[in-house]
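# Tertiary structure, described
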Amino acid sequence: MSTTLQAIRGMNDILPDDAELWEEFEDLVRGWLAGYGYRPIRMPMVEPTPLFARAIGEVTDIVEKEMYSFTDSLNGEPLTLRPEGTASCVRAVLQHNLLYDAPRRLWYMGPMFRHERPQKGRYRQFHQVGVEALGFAGPDVDAEQILMCQRLWDDLGLENIKLEINSLGQSEERAKHRADLIAYLSGHADILDEEAKRRLHTNPLRILDTKNPALQSVVEGAPKLIDYLGEASLKHFDGVQQLLKDAGLPYRINPRLVRGLDYYNLTVFEWVTDQLGAQGTVCAGGRYDGLVQQLGGKPQPACGFAMGIERLLALWRDQGNQHEKPAPDIYVVHQGEAAARFAFRVAEGLRDAGFAVQLHCGGGSFKSQMKRADASGAPLAVIIGDDEAEANEVTLKPLRETAEQRRVAADELADAVGAWLFGDEEDGGL
Ligand code: ATP
Ligand code: MG
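Residues numbered from 1 in each chain as written. Chains lettered and ligands numbered in written order. Predicted model: local features only at pLDDT ≥ 70, side-chain atom pairs only at ≥ 80, totals over all residues. Heavy atoms only, no water.

A full pass over the atoms with the stated rule returns 24 salt bridges. The closest approach of N and O atoms between arginine 351 and glutamate 348, which form a salt bridge, is 2.8 Å. In this pair, arginine 351 and glutamate 348 are both assigned in helix α12 (residues 337–352), 3 residues apart and thus about one turn of the helix distant. A relative accessible area of 32% places arginine 351 in the partly exposed class. (Salt bridge = Lys/Arg side-chain N within 4 Å of Asp/Glu carboxyl O. Helix = DSSP H or I, 4+ residues; strand = E, 2+ residues; numbered from the N terminus. Buried < 20%, exposed > 50% of the residue type's maximum accessible area, 1.4 Å probe, protein only.)

Structure (structure tokens):
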């Protein structure tokens, strides 16, 4: 006996009711991005593995243990399913020299792949909307990106998403802080867990981001990066905050917000909700001024963020957004050989006129076809028998109201349907 094949764990099918809600969300997102001058870009889902190692950092969660990497069996090339979009986007921008004359505002949307433990809000194939502004030194563009997020939450009617920001300063400032942090954490070596010990000399900043409750008090008392920022970094951070205040947008400075990717500097931010359990971060981003050069380009400042679509849609659904199954305008039923061929022409003619038409396929009794018509949600049925086909006419039958059905000449059908649907009783309504 054969077993039923299943999708890979943590990789979800998005079924029609859901997929239509996704499409509504995607349409909204496209309009929102256009409103800020962002243009779309689409990158491949597979990239050479070294791109991610170089961009995201060797000692990050993503590169150390979350990437789907494999060897191309035909040419031996090391490849990886993209775990995020920023590295690919910067690679594409450099490859096609998109920054040659002006800065760029770019966005993309699509699946990302990370080998994590699947749970609510955390999947192995998940989807992001990514937004990248390249060639802008900020802080205006940082603040604009944060404010545009708030606008999307408003457009979606999402409440209770709170903003946290921090500044990671520049690499020299982080180096000084790092030395002090290692010294401090070494003094608490007895409390550190295995992961923290391993990170102590590779990526100690990430220890501050630990989810282990036993480490919280040590982390609370650790030297704060913000106390190490020089004048220029503080000025940038103040600039962002001033614009947020001008816009009346509340925020919290979270000194432990360090982000899981190495490429960030200066401003970092996260949007967090307490309504999704442990996976409460719906959007995260910040400045990554070093990345373009790190990937081989001339230095260019940059700032971006990514939103987790599954998490946002879970919130959107929880706050009362249900998808209504779309109904066609017309369901066409038919009985008889000539009628079936005529029905095809009638259905296409109605589609030419701009109506959404479901043509009954698969035969069946008149009664069972009418049941389907009813279930389709269409307000109107077009009924065709061989005698109608012979006369080049159809019967138009309202399905939701108690109005009489009537015969209509095929070439007057589109007008009659329009009159019925749009309530123009005077010329041709039923
Ligand atoms: P987390 O701390 O939750 O692992 P992250 O810092 O790894 O998040 P980013 O790389 O910043 O996440 O990705 C941006 C956003 O993408 C996250 O805020 C989240 O909404 C979403 N996201 C990240 N990983 C997943 C996943 N495995 N499943 C679903 N959404 C995810
Ligand atoms: Mg993660």
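Glancing now at the domain arrangement of the protein chain. Domain annotation for the protein chain reports domain 1 (16–169 + 229–318) and domain 2 (330–427). Computed from C-alpha coordinates alone, the two centres of domain 1 and domain 2 are separated by 49 Å. (Domains from an automatic or database assignment.)

Near ligand 1 you find 17 residues, and of these Arg114, Glu116, Arg122, Arg259 and Thr281 are the closest. One nitrogen or oxygen atom from the side chain of arginine 122 is found 2.8 Å from an oxygen atom belonging to ligand 1. Residue glutamine 128 places a side-chain N or O atom 3.0 Å away from an oxygen atom belonging to ligand 1. Relative to its unbound accessible surface of 580 Å², ligand 1 loses 89% to contact with the protein. Counting only elements with at least two residues in the shell around ligand 1, the list comes to β6 (125–134), β10 (281–287) and β11 (302–308). (Near = heavy atom within 4 Å. Polar contact = N/O pair within 3.5 Å; in protein donor to acceptor, adjacent residues only side chain to side chain. Areas by Shrake-Rupley, 256 points an atom, 1.4 Å probe, with all protein chains shown as cover.)

Another point: the side chain of glutamate 164. Assignment of secondary structure puts glutamate 164 in strand β7 (residues 162–167). Polar side-chain contacts of glutamate 164 include one of 2.9 Å to the side chain of arginine 252. Here the side chain of glutamate 164 touches asparagine 254 through a polar contact of 2.8 Å, side chain to side chain. Not counting residues within four places of it along the chain, the set of residues in contact with glutamate 164 comprises Arg252, Asn254, Leu257, Val268, Phe269, Glu270 and Val272. (Contact = heavy atoms within 4.5 Å.)

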